[in-house]
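# Inside the fold
Listed below are the residues making up each chain.
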Amino acid sequence: MTRTIAAVLAACTLAAAGAASAQEARIAYGDLDLATTAGAATFDARVQKAARSFCRESRGATTRISDRAACERAVREEAMSQLPEYAQVRYAVSRLPVTA
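All values reported here derive from a predicted model rather than from experimental measurement. (Residues numbered from 1 in each chain as written. Predicted model: local features only at pLDDT ≥ 70, side-chain atom pairs only at ≥ 80, totals over all residues. Heavy atoms only, no water.)

## Structural notes on the overall build of the protein chain
As a reminder of what qualifies: Segments assigned H or I by DSSP are reported as helices when at least four residues long, segments assigned E as strands when at least two residues long, and all are numbered from the N terminus. In this scheme, a residue with accessible area under 20% of its type's maximum is buried, one over 50% is exposed, and one in between is partly exposed, where area comes from a 1.4 Å probe on protein chains only. Any two residues having at least one pair of non-hydrogen atoms within 4.5 Å are treated as being in contact. Computed with a 1.4 Å probe, the accessible areas rest on the Shrake-Rupley method; for each residue, only the protein chains presented here act as cover.
What the protein chain contains, in helices and strands, is 4 helices and 2 strands. Each of the 100 residues in the protein chain was classed as buried or not, and the buried ones make up 31%. Considering only contacts within the protein chain whose residues lie at least 6 apart along the sequence, 53% involve residues at least 24 apart. Just so you have it, the protein chain exposes about 6100 Å², and 55% of that area is on carbon and sulfur atoms.

Given below as structure tokens:
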């Protein structure tokens, strides 16, 4: 079964364009082991790709870099909040320092 998160991202578009249209970015994670460094890195890459695409499409190519960076941060935060709690915990585990 493929699990995805659908990050509803109205805040990004509202702040920049004054429009009230919500958009969605779908990010698959069901094929990943988020407790591993590789799985978390792949998830991060998917979130980053979705954020870039979302922010470029929803705000236009002329958006200032700082606005785009803020939009991408908002997408990442929303994506992380949409993960089920168990997946958030597994992701956090992957970020713990490795000790011998």
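## Some details on the nonpolar core
Put simply, the rule reads: Joining through side-chain atoms within 4.5 Å is the link that ties buried Ala, Val, Leu, Ile, Met, Phe, Trp, Tyr and Cys residues into a set, and such a set is a nonpolar core.
Residues Ile27, Tyr29, Leu34, Phe43, Leu83 and Tyr91 are the most contacted members of the largest nonpolar core, which totals 14 residues. For this core, the secondary-structure elements that each account for two or more residues are strand 2 (24–28), helix 2 (37–59), helix 3 (65–82) and helix 4 (85–94). Sort the elements by how many residues they give to this core and helix 2 lands first, with 4 residues. Contact partners of Leu34, with chain neighbours within four places excluded, come to Tyr29, Gly39, Ala40, Phe43, Leu83, Ala87, Arg90, Tyr91 and Ser94.

## So, the environment of Glu77
Its place among the elements puts Glu77 in helix 3. Residues Glu77 and Val47 lie 30 residues apart in sequence; the distance between their C-alpha atoms is 9.8 Å.

## Some remarks on the confidence of the model for the protein chain
Defined as follows: By definition, pLDDT measures how confident the predictor is in each residue, and it falls between 0 and 100.
Mean pLDDT over the protein chain works out to 78, with 69% of the residues at or above the 70 mark. The secondary structure element of the protein chain with the lowest average pLDDT is helix 1 (residues 10–17), at 43, and the one with the highest is helix 4, at 93.

## Topic: the side chain of Glu72
Stated formally: What qualifies as a polar contact is a pair of N or O atoms within 3.5 Å, subject to a donor-acceptor requirement within protein and to the restriction that residues adjacent in sequence count only when both atoms come from side chains.
Along the polypeptide, Glu72 turns up in helix 3. Among the polar contacts made by the side chain of Glu72, one reaches the side chain of Gln48 at a distance of 3.0 Å.

## Observations regarding the side chain of Ser94
Following the sequence through the fold, Ser94 ends up in helix 4. For Ser94, a relative accessible area of 8% translates into the label buried. In this structure the side chain of Ser94 is engaged in a polar contact, spanning 2.6 Å, whose partner is the backbone oxygen of Tyr91. Among all residues touching Ser94, those that are not within four sequence positions of it are Leu34, Ala35, Thr36, Thr37 and Ala40.

## Comments concerning the pattern of salt bridges
For clarity, the threshold we go by: Put simply, a salt bridge is a Lys or Arg side-chain nitrogen that is within 4 Å of an Asp or Glu carboxyl oxygen.
Across all of its chains, the model carries 4 salt bridges by this definition. The salt bridge partner of Asp44 is Arg76, with a shortest N-O separation of 3.3 Å. Within this pair, whereas Asp44 is found in helix 2, its partner Arg76 is found in helix 3, the two being separated by 32 residues in sequence. Of the residues examined, Arg76 reaches a relative accessible area of 31% and is grouped as partly exposed. The closest approach of N and O atoms between Asp44 and Arg95, which form a salt bridge, is 2.2 Å. Taken together, the positions of Asp44 in helix 2 and Arg95 in the segment after helix 4 put the pair 51 residues apart, joining distant regions of the chain. A single salt-bridge network, built from bridges that share partners, covers Asp44, Arg76 and Arg95.

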